Amino acid sequence: MNDTEGIVAHIPPLRRYARALTGDHSAAEDLVQDTLERAWRRFGLWRRGSDLRAWLFTIMHNVFVNQVKSAQNRRKQDADSAEIKSPVAPPPEDRLDLRDLNKALRRLSDEQREVVLLIGLEQMSYDEAAKILGLPVGTVMSRLSRGREQLRLLMNRGGATTQLKVVK
Amino acid sequence: MSPSKLSVSEIDLHAYLDGRLAEERRGEVEAFLTANPQEQERLRAYQEQNQTLHALFDSVLAEPIPPKWRTPDRRWSWRLGPVAAALAWIVVGGALGWLLRGEQAGNSGKNVDFARRAAIAHAVYSPEVRHPVEVTAEQEEHLVRWLSKRLGGDLKAPHLMDLGYELVGGRLLPGEQGPVAQFMYQDKNGQRLTLYIKTDAGAERETAFRFSQEGSVGVFYWIDRRLSYALSGEAKKEELLKVANAVYRKLNP
């Protein structure tokens, strides 16, 4: 397998991660597009033999952080322009916990969501996640622990509210 | 018999869940979980989160990859790249220059042109993957000697490692009135800055920093001892200024 095929092989997980991270189909496709654009442009800088997956996810992380920042700036500068969001298509299974988790994920901070997804979904090691996010492993661990716990509480609470409504 | 709570940390629990815990410690955590049903329940909830994440998002893996994502061909970019943006600015700048031609004092107009040329050179060469420079930093001494000779001045490629920028190398370019040198730097994320230098600074021996935004490329430019410098990049203005200051200091130790 040559190097460019190597990049292509990582596109599906990059795309899955982007979808889970943004929760928005077109935002996710933009994120992948921008990441690949940058990756192809900087491919000459990738050191052969080093971890290509980590390199690509690092680029995606940087692009994501920049996009979030510039979106915040845009919102500040132009409060009137409403952003049009195309929601992710509902998953095939209509099970409650699926939708709840997706909703709960949106309530996490970007920082916690990144860690929970890199480790829980992309099955990165703690060291890999730390490298990709440019953080000490300890920070990754505390974000993971807090993120998972918050998801659990959000889902419990979601369930409780539903039950209350049923009783009423 | 039951292990104390202290012996099993929060980190151990996550590592156990993620299959990252050393084999010999797994028994210890399992015993702890048996003794602490609440913790076991919590961990089971986390486990379910992971399963649900896969159920939610694994279908994305099977989506066909758009052909445009498969190749390094940069033409598929539908956005204005820095090159296009810089070219658009030449047109706008040209028109402006024409409109303002009566009002520009000779030198400042030339300096604006200088900044624009530096920005264009940056936009053209900084995205290069295979040939960003003519001579790489590995032959730094040769590079500096060569460019000094061609420009007829005493050039230096300041070292910016302390700011996180490594010298990539440099190249010779045609300027308005003769050869121009470009040194390229990049940080660990591949973000590039270029230092554009020409010798024909005219009568001015020194100027303050000036800033010009040319499309997505910001340029700080100044004159120092008959050499004109322009530092270009798509980094934030403060970052550029910080580097420009460092370049100036390093050239005037």
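Counting from 1, residues in each chain are numbered in the order their sequence is written. Ligands are numbered from 1 and chains lettered from A, in the order in which they are written. In keeping with the predicted nature of the model, local features appear solely for residues at pLDDT of at least 70, side-chain atom pairs appear and are counted solely at 80 or more, and the whole-chain, interface and lining totals rest on all residues. Note: side-chain values were computed over all heavy atoms of the structure, leaving out hydrogens and water.

Trainee: Explain the packing of aromatic side chains to me, please; I cannot follow it from the model alone.
Mentor: Residues and elements named next belong to chain B. Any pair of Phe, Tyr and Trp rings, taking the six-membered ring for Trp, is counted once the centres come within 6.5 Å. Such a pair is stacked with planes under 30 degrees apart, edge-to-face with planes over 60 apart, and tilted for the rest. Summed over the entire model, instances satisfying the criterion amount to 7 aromatic pairs over all chains. Centre to centre, the rings of Phe114 and Tyr196 are 5.5 Å apart; their planes meet at 45 degrees, and the pair counts as tilted. With Phe114 in helix 5 (residues 106-125) and Tyr196 in strand 4 (residues 192-198), the pair connects residues that are 82 residues apart, well separated along the chain. Judged on exposure class, the residue Phe114 and its partner Tyr196 are both buried. When the ring of Trp222 is compared with that of Tyr229, the centres are 5.4 Å apart and the planes differ by 15 degrees; the resulting orientation is stacked. Each member of the pair, Trp222 together with Tyr229, is buried. Aromatic rings pair up to connect Phe209, Phe211, Phe220, Trp222, Tyr229 and Tyr248 into one cluster. Going along the chain from the N terminus, every DSSP run of H or I of four or more residues is numbered as a helix, and every run of E of two or more is numbered as a strand. Burial classification: accessible surface area is computed with a 1.4 Å probe over protein chains only, and a residue below 20% of its type maximum counts as buried, one above 50% as exposed, and the rest as partly exposed.

Trainee: I keep staring at the interface of chain B and chain A and nothing clicks. Help me out?
Mentor: A common way to state how big an interface is: give the accessible area lost once the parts meet. Any two residues whose heavy atoms approach within 4.5 Å are treated as being in contact. Every contact between the two is made by 42 residues of chain B and, on the other side, 45 residues of chain A. Defined here as a combined quantity, buried area equals the accessible surface (1.4 Å probe) lost by two parts on assembly, summed across both. Both sides together, the interface formed by chain B and chain A hides about 4200 Å², and carbon and sulfur atoms give 61% of it. Whenever a carboxyl oxygen of Asp or Glu lies within 4 Å of a side-chain nitrogen of Lys or Arg, that contact is scored as a salt bridge. The interface formed by chain B and chain A includes 4 salt bridges. Put simply, Glu63 of chain B and Arg19 of chain A hold a salt bridge, and the shortest N to O gap is 2.7 Å. Side-chain atoms alone can form a polar contact between residues adjacent in sequence; in general such a contact is a pair of N or O atoms within 3.5 Å, and within protein one must be able to donate a hydrogen while the other accepts it. There are 14 residue pairs in polar contact (both at pLDDT 80 or more) connecting chain B and chain A. When residues of the side of chain B that touches chain A are traced back to their parent elements, those giving at least two are helix 1 (10-17) and helix 3 (37-57) of chain B. For the side of chain B that touches chain A, the element with the most residues is helix 3 of chain B, which contributes 11 residues.

Trainee: How should the side chain of Arg42 of chain B be read in this particular structure?
Mentor: Relative to the assigned elements, Arg42 of chain B resides in helix 3. Accessibility expressed as a relative area gives 11% for Arg42 of chain B, which makes it buried. In this structure, Arg42 of chain B is in contact with Glu149 and Arg152 of chain A together with Glu10 and Leu13 of chain B, ignoring residues within four places of it in sequence.

Trainee: Help me out: how do you make sense of unusual backbone geometry in this one?
Mentor: Most peptide bonds are trans, and most residues other than glycine sit at a negative phi. The backbone of Gln123 of chain A sits at a positive phi, close to 55 degrees, despite the residue not being glycine. Along the chain, Gln123 of chain A falls in the loop between helix 5 (110-120) and helix 6 (126-133). A positive phi angle, close to 70 degrees, is found at Arg226 of chain B, a residue other than glycine. Mapped onto the fold, Arg226 of chain B is located in the loop between strand 6 (217-224) and strand 7 (227-233).

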